[in-house]
2 protein chains.
Amino acid sequence: MTRKGGPLDPAQLAGYFALMEVSSLLQHAVEQHLRVDGGLSWVQFQILARLNDAPGGQQRMTDLADGVVYSRSGLTYQAGVLEKAGLVSRSPSTDDERSTTVTITEEGRALLLRVLPGHIDVVRELFLDHLSADDLAVLTEVLGRVRDGMRAAPPRSAAPRSSRTARASG
Amino acid sequence: MTRKGGPLDPAQLAGYFALMEVSSLLQHAVEQHLRVDGGLSWVQFQILARLNDAPGGQQRMTDLADGVVYSRSGLTYQAGVLEKAGLVSRSPSTDDERSTTVTITEEGRALLLRVLPGHIDVVRELFLDHLSADDLAVLTEVLGRVRDGMRAAPPRSAAPRSSRTARASG
DNA sequence: TATTGTTATACTCTATAACTATA
DNA sequence: TATAGTTATAGAGTATAACAATA
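Below is a summary of the structure that appears in this document. As the structure is a prediction and not an experimental result, all values here were calculated from the model. (Residues numbered from 1 in each chain as written. Chains lettered and ligands numbered in written order. Predicted model: local features only at pLDDT ≥ 70, side-chain atom pairs only at ≥ 80, totals over all residues. Heavy atoms only, no water.)

The subject of this paragraph is the protein's contact with DNA strand D. Looking at DNA strand D, there are 23 residues lining it, with S41 and S73 of chain A together with T62, R72 and T76 of chain B nearest. If you look at DNA strand D and keep only atoms within 4 Å of the protein, 66% of those are sugar or phosphate atoms. Here a base nitrogen of DNA strand D and a side-chain polar atom of R72 of chain B are 2.8 Å apart. R90 of chain B has a polar side-chain atom sitting 2.8 Å from a phosphate oxygen of DNA strand D. Broken down by secondary-structure element, the contributors of at least two residues to the surface near DNA strand D are helix 2 (42-53) and helix 4 (72-84) of chain A together with helix 3 (61-65) and helix 4 (72-84) of chain B. Split into classes, the residues belonging to the surface near DNA strand D amount to 4 nonpolar, 11 polar and 8 charged. (Near = heavy atom within 4 Å. Polar contact = N/O pair within 3.5 Å; in protein donor to acceptor, adjacent residues only side chain to side chain. Helix = DSSP H or I, 4+ residues; strand = E, 2+ residues; numbered from the N terminus. Nonpolar A, V, L, I, M, F, W, Y, C, P; charged D, E, K, R; others polar.)

Another point: helix 6 (residues 133-152) of chain B. Taking 1.5 Å of rise per residue, the 20 residues of helix 6 of chain B would be expected to cover 28 Å, and the 28 Å separating its terminal C-alpha atoms lies within 8% of that figure. What helix 6 of chain B keeps buried is the set D135, L136, L139, T140, V142, L143, G144, V146, G149 and M150 of chain B. (Expected span 1.5 Å × (residues − 1). Buried < 20%, exposed > 50% of the residue type's maximum accessible area, 1.4 Å probe, protein only.)

Another aspect to go through is the protein's contact with DNA strand C. Around DNA strand C there are 23 residues in total, and T62, R72 and T76 of chain A together with S41 and S73 of chain B lie nearest to it. In DNA strand C, atoms within 4 Å of the protein come 65% from sugar and phosphate. Only helix 3 (61-65) and helix 4 of chain A together with helix 2 (42-53) and helix 4 of chain B provide two or more residues apiece to the surface near DNA strand C. Among the residues making up the surface near DNA strand C, the classes are represented as 4 nonpolar, 11 polar and 8 charged.

Listed as interface residues are 58 residues of chain A and, on the opposing side, 58 residues of chain B. Across the chain A to chain B interface the summed buried area is about 5800 Å²; carbon plus sulfur atoms make up 68%. In terms of surface lost to chain B, no three residues of chain A exceed Y16, R124 and M150 of chain A, which account for 12% of the buried area on that side. Between the two partners, chain A and chain B, sit 6 salt bridges. Salt-bridge contacts for E21 of chain B lead to R151 of chain A; the nearest nitrogen and oxygen are separated by 2.4 Å. Applying the counting rule to chain A against chain B returns 13 residue pairs in polar contact (both at pLDDT 80 or more). Those elements that place two or more of their residues in the side of chain A that touches chain B are helix 1 (10-38), helix 5 (106-126) and helix 6 (133-152) of chain A. Among the elements that take part in the side of chain A that touches chain B, helix 1 of chain A stands out by supplying 19 residues, more than any other. Along the lines of polarity and charge, the residues of the side of chain A that touches chain B split into 29 nonpolar, 17 polar and 12 charged. (Contact = heavy atoms within 4.5 Å. Buried area = accessible area lost by both parts, 1.4 Å probe. Salt bridge = Lys/Arg side-chain N within 4 Å of Asp/Glu carboxyl O.)

Let us now look at the packing of helix 1 of chain A against helix 1 (residues 10-38) of chain B. The interhelical angle for the contact between helix 1 of chain A and helix 1 of chain B, taken along N-to-C directions, is 110 degrees, at an axis separation of 10 Å. In terms of their interaxial angle, helix 1 of chain A and helix 1 of chain B are classed as roughly perpendicular. Of the residues in helix 1 of chain B, those in contact with Y16, L19, M20, V22, S23, L26, Q27 and V30 of chain A of helix 1 of chain A are Y16, L19, M20, V22, S23, L26, Q27 and V30 of chain B. (Axes fitted to C-alpha atoms, helices over the stretch in contact; angles between N-to-C directions. Parallel < 35°, antiparallel > 145°, perpendicular 65-115°, else oblique.)

Moving on, we come to the environment of D135 of chain A. Within the fold, D135 of chain A resides in helix 6. Ignoring anything within four residues of it in the chain, the contact list for D135 of chain A reads H130 of chain A together with V142 and R145 of chain B.

Residues and elements named next belong to chain A. Overall, antiparallel pairing links the 3 strands, which are arranged 1-3-2 in an open sheet. At either margin of the open sheet sits one strand with a lone partner, and together these are strand 1 (58-60) and strand 2 (88-92). Shown here is a sheet whose adjacent strand axes are inclined to one another by a mean of 25 degrees, direction ignored. Across 5 bridges, strand 2 lies against strand 3 (residues 100-104) in antiparallel orientation. (Pairing = 2+ DSSP bridges.)

Turning our attention to the sheet that holds strand 3 (residues 100-104) of chain B. All names here are of chain B. Spatially, the 3 strands line up as an open sheet ordered 1-3-2, and their pairing is antiparallel. Both outer strands of the open sheet, strand 1 (58-60) and strand 2 (88-92), are each paired with one neighbouring strand and no more. This sheet shows a mean twist of 25 degrees between the axes of neighbouring strands, independent of strand direction. Bridging between strand 1 and strand 3 involves 3 bridges; their strand directions are antiparallel. Bridge pairing in strand 3 links R60 to T101. Running over the sheet, helix 2 touches strand 1, strand 2 and strand 3 and is turned about 90 degrees from strand 3.

Bringing helix 1 of chain B into the picture now. Its 29 residues place the ends of helix 1 of chain B 41 Å apart at the C-alpha level, agreeing with the 42 Å of an ideal helix rising 1.5 Å per residue. One side-chain oxygen at the N-terminal end of helix 1 of chain B lies 3.0 Å from the backbone nitrogen of A11 of chain B; it belongs to D9 of chain B.

By a simple turn and slide, chain A fits onto chain B: the slide is 0.0 Å along the axis, the RMSD is 0.1 Å, and the turn is 180 degrees. Expressed as a symmetry operation, the mapping of one chain copy onto the other fits a two-fold axis. (Least-squares fit on C-alpha atoms with pLDDT ≥ 70 in both.)

Membership of the largest hydrophobic core comes to 90 residues, with the highest contact counts inside it found for L19, L26 and F127 of chain A together with L19, L26 and F127 of chain B. Discounting residues that sit within four places of it in the chain, L19 of chain B has contacts with L19, V22, S23, L26, F127 and L143 of chain A together with L143 of chain B. (Core = buried A, V, L, I, M, F, W, Y, C linked by side-chain atoms within 4.5 Å.)

So, in C-alpha cells, the structure goes:
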C-alpha cells in the first residue's frame, strides 16, 4: 500500500513536511516566549510541567528523563540549572538509595503559573485558532495513534529509554 | 468558542501535546539516523534538500535562511560547515553583488541520495506506517492550514523573517 | 553484574552585535 | 539609509565515557 522500500509519494512527503514545519515553527515561537517571559528553555518548561502534574510534585530522575531529555547527563545538567534557580530541589530517594527524587518548589510552581497564560496564548494564536473542533479531534486521534506506535516499536538500533535493554556487545 | 484568554480544555491540551511529542520523537530519530549515516544534522539535511530541489541547485543565502534557520549568522555557520565538507559551494551572485549564491555540489547531491533511503525508512516506520491514506490526507490538510496561518500572521513581537521590519526604537 | 546518577569534557549549534560592502 | 552577508564572541545544550554508589 505504501510502496515499502521506494521513495515517498507526494502525499506522504507533504504530510511529513507539514508536520515538521508546523511543529518547528510552533516550538520556536513557544521557546521564544518562554525565554523572554520566564527565562526557561523548552526542556526546562517540560520538566517543570511534568513535575507540577506528578503526585507530590516529584519524580525520580530516570522517570523524568524518560520522555523529556534523551540522555541522563542531559537531565542532570537541566536539573542542576533548575535547582540553582530554586525551581526544583533534589534529594536522595527513600526507597531506593541509588535514586534521586526531584521535587518542584513553590517558586517553581509559581513561575510555571506565571508563564502558562502567555504560553497558552502563543499556542492558541499559532495553532489552535486555525483548527475547528473536529479538526482538533481528528488530529489528536491520529497523532495519538502515531505516538503509541512509536512508543511501542522503537526503531532499529534505538533502545527503549527505560526498560531492560538488550545488547549484542559492548 | 475556544474560551479566549482562559486555560486550554483537555482536548486542546491533548492535541498540542500529541503534536509536540510526535514531532519531537520523529525528529530525534531522524536526526540520529542522519548523523550516523551521513554525518549530517537536521538543519544541514534541510539545506541540502532545498538546494537539491531548487532550480540549478542554487539559492541565495537569504532565501535559504528563510524557513530553515532562524538567524543569518546561523546560516552562515552552517553554510561554512557544508562548504568545508565539500557539499556546497558559495559564490557572489551575478545580479546583486551583495548576495551570495549557494550551490549544492555533486558530492552534496550524492550524499543526499545516499542518505535518503534510510531517512525515508525512519519516517515510514515511525510515522507513515501508522496512518491510513485518509488519515494522512486529513492530517496534511489540517496542518497545511495551520502552516498557512502561521506564515500569514506572525505572533506579537515577532518580525517576519524576510520582509520590511518595522521597529519602534533601538 | 546491572542500575542510578554525576562529572568531566568536547563539540555543535544558536543568537547578538559590530562590521563590510553593495543598492 | 537599507539590505546581504560575515565575523567575533559568548552562552546554552547535548552526548560520551569514566566514575561512584547502591541493588
